[in-house]
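# Architecture and fold: a report
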Amino acid sequence: MGEEMKDSVVLMGCKHCGKTTQGRLLAQKLGVDFFDTDDEIARIRGMDPRVLYKTKGVTEFTLAEEEACKSIIQKNGNRKIVISTGGGICDNPPALQQLRDAGIFVFLRLDIKLSIERIMAKIQEVSPGVFAGAPAYVLNENPATLDDIRAILLEKYKERFKQYESLADIVVDIKNAPIEENFKTLLGALQ
């Protein structure tokens, strides 16, 4: 791709892989604006994306995500930007279509087990079969135990990894390492 990146960069990957952190660093390094699709959803709908998903359902969330992507692209015309996407954008073809023309898709691939551990660390069983901090799409499957949640996540992530690998122009392996080290890996992959 030569020394200079031609297009905007769209970062994708599962929850906790560092899309927002790496996206902010990359935008700063390139001297361009940074956008997070979840922040844009919150701005447009006046509601946290997770709350929107939980209270209004998948369809409404998917529409909001598509609107957010369209809004980001329209606001920026042909300017180069960095965009960080929500963990489930691979399930939203219309949103992906909005982003496709803007730039290159970069999959930040964090080891599946590590991804799951990072999510599990935030989940608590408040009473038998009642969980706090679990993603809504997991709770929709009615897990009875923490092991059920782990199994649901594993299944979901295997599927998402395949989707992201097929969508991505560039795959960057993110390690359980300092942010700076992963950023160097990302920059190297983009050169």
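This text gives an overview of the structure that appears in the document. (Residues numbered from 1 in each chain as written. Predicted model: local features only at pLDDT ≥ 70, side-chain atom pairs only at ≥ 80, totals over all residues. Heavy atoms only, no water.)

### Here we look at the overall build of the protein
Within the protein, the regular secondary structure consists of nine helices and seven strands. Here the protein has a C-alpha radius of gyration of 17 Å; the compact-globule value for 191 residues is 16 Å, and the two agree. Projected onto its principal axes, the C-alpha coordinates of the protein cover approximately 55 × 35 × 25 Å. The buried share of the protein, taken over its 191 residues, is 45%. Within the protein, residue pairs in contact and separated by at least 24 positions form 70% of the contacts whose partners lie at least 6 positions apart. A total of about 9800 Å² of accessible surface is found on the protein, and carbon and sulfur atoms cover 51% of it. Computed over 26 positive and 28 negative side-chain charges, the inter-centroid distance for the protein is 2 Å. (Helix = DSSP H or I, 4+ residues; strand = E, 2+ residues; numbered from the N terminus. Rg over C-alpha atoms; globule rule 2.2 N^0.38 Å. Buried < 20%, exposed > 50% of the residue type's maximum accessible area, 1.4 Å probe, protein only. Contact = heavy atoms within 4.5 Å. Areas by Shrake-Rupley, 256 points an atom, 1.4 Å probe, with all protein chains shown as cover. Lys, Arg positive; Asp, Glu negative; His and termini not counted. Charge placed at Lys NZ, Arg CZ, Asp CG, Glu CD.)

### Quick word on the side chain of Ser-71
When you line up the elements, Ser-71 lands in helix H4 (residues 58–76). A polar contact of 2.6 Å, which involves the side chain of Ser-71, links it to the side chain of Glu-40. Residue contacts for Ser-71: discarding those within four places in its chain leaves Glu-40, Arg-43 and Ile-44. (Polar contact = N/O pair within 3.5 Å; in protein donor to acceptor, adjacent residues only side chain to side chain.)

### Focus on the sheet that holds strand E4 (residues 103–110)
In spatial order, the strands read E2-E3-E1-E4-E7; together these five strands make up an open sheet with parallel pairing. Where the open sheet ends on each side, the last strands, each with one partner, are strand E2 (33–36) and strand E7 (170–174). Shown here is a sheet whose adjacent strand axes are inclined to one another by a mean of 25 degrees, direction ignored. Pairing of E4 with E7, which is carried by five bridges, proceeds in the parallel orientation. Across the sheet, Val-106 pairs through a bridge with Ile-170, a residue of E7. Where helix H9 (residues 179–190) meets the sheet, its contacts fall on strand E1 (8–12), E4 and E7, and the angle it forms with E7 comes to roughly 165 degrees. (Pairing = 2+ DSSP bridges. Axes fitted to C-alpha atoms, helices over the stretch in contact; angles between N-to-C directions.)

### Focus on helix H3 (residues 49–56)
Here H3 has its buried residues at Pro-49, Leu-52 and Tyr-53. Projected down its long axis, H3 shows its buried positions confined to an angular sector of 95 degrees, all on one face. Along H3, the residues that are exposed and aim more than 90 degrees away from the buried face are Arg-50, Lys-54 and Thr-55. Where H3 is buried, its residues meet helix H2 (37–45), H4 and helix H7 (136–139). Capping the start of H3 is the job of one residue whose side-chain oxygen sits 2.9 Å from the backbone nitrogen of Arg-50: Asp-48. With its phi angle positive at about 95 degrees, Gly-57 sits one or two positions after the end of H3. (Arc of directions from axis to C-beta.)

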